[in-house]
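Structure at a glance
The lines below spell out each chain.
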Amino acid sequence: MKYCSLCGSQDLIFKVPSGDSLPRYICGGCETIHYVNPKIIVGAIPTYKDQILLCKRAIEPRKGKWTLPCGYMENGETVEEGAARETLEEANARIVIKNLQSVYSIPYINQVYLVFNSELLDLDFSAGEESLEVELFNEEDIPWSEIAFSAIKFSLETFLQDRKEGNLHITRVGRYALNKKDKF
Ligand code: ZN
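So, here's what we can say about the structure. (Residues numbered from 1 in each chain as written. Predicted model: local features only at pLDDT ≥ 70, side-chain atom pairs only at ≥ 80, totals over all residues. Heavy atoms only, no water.)

A few points about the sheet that holds strand 2 (residues 24–27)
- If you trace the three strands from one edge of the open sheet to the other, you get 1-2-3, paired in antiparallel fashion. Each of the sheet's edge strands pairs with one partner strand only, and the pair in question is strand 1 (12–15) and strand 3 (33–34).
- Note that strand 1 and strand 2 share four bridges and pair antiparallel. Bridging from a neighbouring strand, L12 pairs with C27 of strand 2. (Pairing = 2+ DSSP bridges. Helix = DSSP H or I, 4+ residues; strand = E, 2+ residues; numbered from the N terminus.)

Considering the coordination of the zinc ion
- Around the zinc ion, the protein contributes the donor atoms C4 (SG), C7 (SG), C27 (SG) and C30 (SG), at 2.3 to 2.4 Å from the metal centre.
- For the zinc ion, the four donor atoms are set out with angles of 100 to 114° between them, so the coordination reads as tetrahedral.
- Donor residues binding the zinc ion come from one chain and are separated in sequence as C-x2-C-x19-C-x2-C.
- Take C7: its relative accessible area is 40%, and that puts it in the partly exposed class. (Donors = N, O, S within 2.8 Å, 3.2 Å for Na, K, Ca; no water. Tetrahedral: all angles 85-135°; square planar, octahedral: opposite > 155°, others 65-115°. Buried < 20%, exposed > 50% of the residue type's maximum accessible area, 1.4 Å probe, protein only.)

What is shown is where atoms sit, not what they do.
In structure tokens form, the structure reads like this:
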């Protein structure tokens, strides 16, 4: 941080505020403590019967790879609204949100994914601006080597396992582990 986003002062010090446990940027001009917290990414597993809707990314990072509809949560919306909005934006698809399927932390880039089970309301979907293609996949046709993000792989794998076992009501909790060999 180079200057205070509230008052514009460049008089910033990085230190532990009293009563806190971690260092923060503190503005010497207006005394604001600037907290920086993880970003929330919301997404959905849109299903139609046994099929799952995936989007091929039209933008970096991981352009050309497949993903579930997901993106940064916006201010002023709920997580469910965010997941439905992303599905509409990326796949022009309307869904009914069900339960929370997974929570996945990526501490090294300060992201948390929240992915919901959902059902497509109809088959009237198409590629949105951030997608090259949008397709329904049977389980056996999922392009596992072409999945864009570790969080999406985790979500799909646990979804399929839980569906097979009749446990879709469960919320799976996972994390990206840097020390574990992970091709993502
Ligand atoms: Zn300031």
